[in-house]
Structures are given as structure tokens and as C-alpha cells.
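Here is how the chains run, residue by residue.
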Amino acid sequence: MPANSKYLTTSPWQHFAKISAGILGGYILASVLHIALALWLPNPKIVLATSMYSIFIVWAAFMIIPFLFKNGWLAWALYLVLIIACGIAIYFGKLNTPLV
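This text gives an overview of the structure that appears in the document. If you're wondering where the values come from, they're calculated on a predicted model, not measured in any experiment.

**Observations regarding a nonpolar patch on the surface**
- On the surface, Ile19, Ile23, Leu24, Ile28, Met63, Ile64 and Phe67 cluster together to form a nonpolar patch covering roughly 630 Å² of accessible area.
- Among the elements of the structure, helix H1 (12–40) and helix H2 (44–64) are those that each provide at least two residues to the nonpolar patch.
- The element contributing the most residues to the nonpolar patch is H1, with four residues.
- Relative to the helices and strands, Met63 is located in helix H2.

Encoded structure:
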């Protein structure tokens, strides 16, 4: 059964925004989230070891989320805000407990 055409996006820019937010933005967000967790949780070695596997599961979830939005640029805005928030957490985490 084909999808109802009134629910489909016709703009190629919206398609591009959703796909790029899912692939690129989702991967960056999953990566910085795991780095922030490694800096803030008590045992960073275990977090980094399990992140090799869990990052792909989290990335798959972050790839689906932009397609739930009507506007792909809103998904990019949400991802950028979350990436910046994780970046701030990484910055303050490195001040408190550096990994090296």
C-alpha cells in the first residue's frame, strides 16, 4: 500500500536536511555524547571500551529521529544544540578530570 502523498515531503532541500541530519549530525552527536559520558562517569575506560559498540546503536537511533520532524532544518537545529551542550560538558569534564 503506497503512502498518502499529502504526508510526503516534496522539497529536495527538506530531503537533504533530514538525510544529512540523520547521517552526519547523528554520528557527531553520538560521538560527542560518548566522549562526554567517558569524562563524567567514574570509570572512563569501561565507557570508552563499550562505546566502540554502543555508538553504532545510538547512531542508528539518531538517524531515525530527523524523519519524525516535518522540517529537516529544525532537526539540524536540535542536533546542533545537543552537540554544543555535549561540547560544553566535554570542556568542563576535561577541566575536572582529564583522561590523559
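**Notes on helix H3 (residues 72–96)**
- The end-to-end C-alpha distance of H3 is 36 Å, a good match for the 36 Å that 25 residues give at a rise of 1.5 Å each.
- In this structure, the buried side of H3 is in contact with H1 and H2.
- The residue sitting at the N-terminus of H3 and contributing the capping side-chain oxygen is Asn71; that oxygen lies 3.0 Å from the backbone nitrogen of Trp73.

**Thoughts on the packing of aromatic side chains**
- In total, this model carries five aromatic pairs according to the counting rule given.
- Ring centres of Tyr91 and Phe92 lie 5.2 Å apart, and the angle between their planes is 75 degrees; on these two criteria the pair is classed as edge-to-face.
- Relative accessible area serves as the criterion here: at 44%, Phe92 is assigned to the partly exposed category.
- Linked through ring pairs, Tyr27, Phe56 and Trp59 together constitute an aromatic cluster.

**Some points on the environment of Leu80**
- Considering the arrangement of structural elements, one finds Leu80 in helix H3.
- Residues Leu80 and Gly25 lie 55 residues apart in sequence; the distance between their C-alpha atoms is 7.7 Å.

**Details of H1**
- Across its 29 residues, H1 extends 40 Å between first and last C-alpha, which sits within 8% of the 42 Å expected from 1.5 Å per residue.
- Maximal helix bending in H1 amounts to about 35 degrees, located at Ala21.

**Here's the deal with the nonpolar core**
- Counting residues in hydrophobic clusters, the biggest one holds 15 residues, and the most contacted among them are Ala21, Leu29, Val32, Phe62, Tyr79 and Ile90.
- Listed by contribution, the elements that provide at least two residues to this core are H1, H2 and H3.

**Some details on the environment of Gly72**
- With respect to the helices and strands, the residue Gly72 is situated in helix H3.
- Look at Gly72 and you get buried, because its relative accessible area is 0%.
- With 69 residues separating them along the chain, Gly72 and Ala3 place their C-alpha atoms 19 Å apart.
- Beyond its immediate chain neighbours, meaning those up to four positions away, Gly72 contacts Gln14, Ala17 and Lys18.

Calculation rules
Chains are numbered independently. Their residues run from 1 in the order of the written sequence. Only residues with pLDDT of at least 70 are given local features in this predicted model, and only at 80 or more are side-chain atom pairs given and counted; all residues enter the totals for whole chains, interfaces and linings. To obtain the side-chain values, all non-hydrogen atoms of the structure were included, while hydrogens and water were left out. Nonpolar side chains (Val, Leu, Ile, Met, Phe, Trp, Tyr) within 5 Å and like charges within 9 Å form the patches, drawn only from residues with over 30% relative accessible area and no salt bridge. Note on areas: Shrake-Rupley with a 1.4 Å probe; residue coverage comes only from the protein chains shown. The working definition used for a salt bridge is a side-chain nitrogen of Lys or Arg within 4 Å of a carboxyl oxygen of Asp or Glu. By definition, any uninterrupted DSSP run of H or I lasting at least four residues is a helix, any uninterrupted run of E lasting at least two residues is a strand, and each is numbered from the N terminus. Expected span of a helix, by definition, is 1.5 Å for each gap between consecutive residues, and there is one gap fewer than residues. Here, residues are in contact when the closest pair of their heavy atoms is within 4.5 Å. Counted as a polar contact is a pair of N or O atoms within 3.5 Å, where, for protein atoms, one must be capable of donating a hydrogen and the other of accepting one, and residues adjacent in sequence contribute only when both atoms are in side chains. When two rings of Phe, Tyr or Trp (its six-membered ring) have centres within 6.5 Å they constitute a pair, described as stacked for plane angles under 30 degrees, edge-to-face for angles over 60, and tilted for the intermediate range. Buried means the residue's accessible area, taken with a 1.4 Å probe over protein chains only, is under 20% of the maximum for its type, while exposed means over 50%, and partly exposed covers the values in between. One fitted axis covers the seven residues ending at a residue, a second covers the seven starting there, and the bend at that residue is the angle between these axes. Put simply, buried Ala, Val, Leu, Ile, Met, Phe, Trp, Tyr and Cys residues joined by side-chain atoms within 4.5 Å make one nonpolar core.

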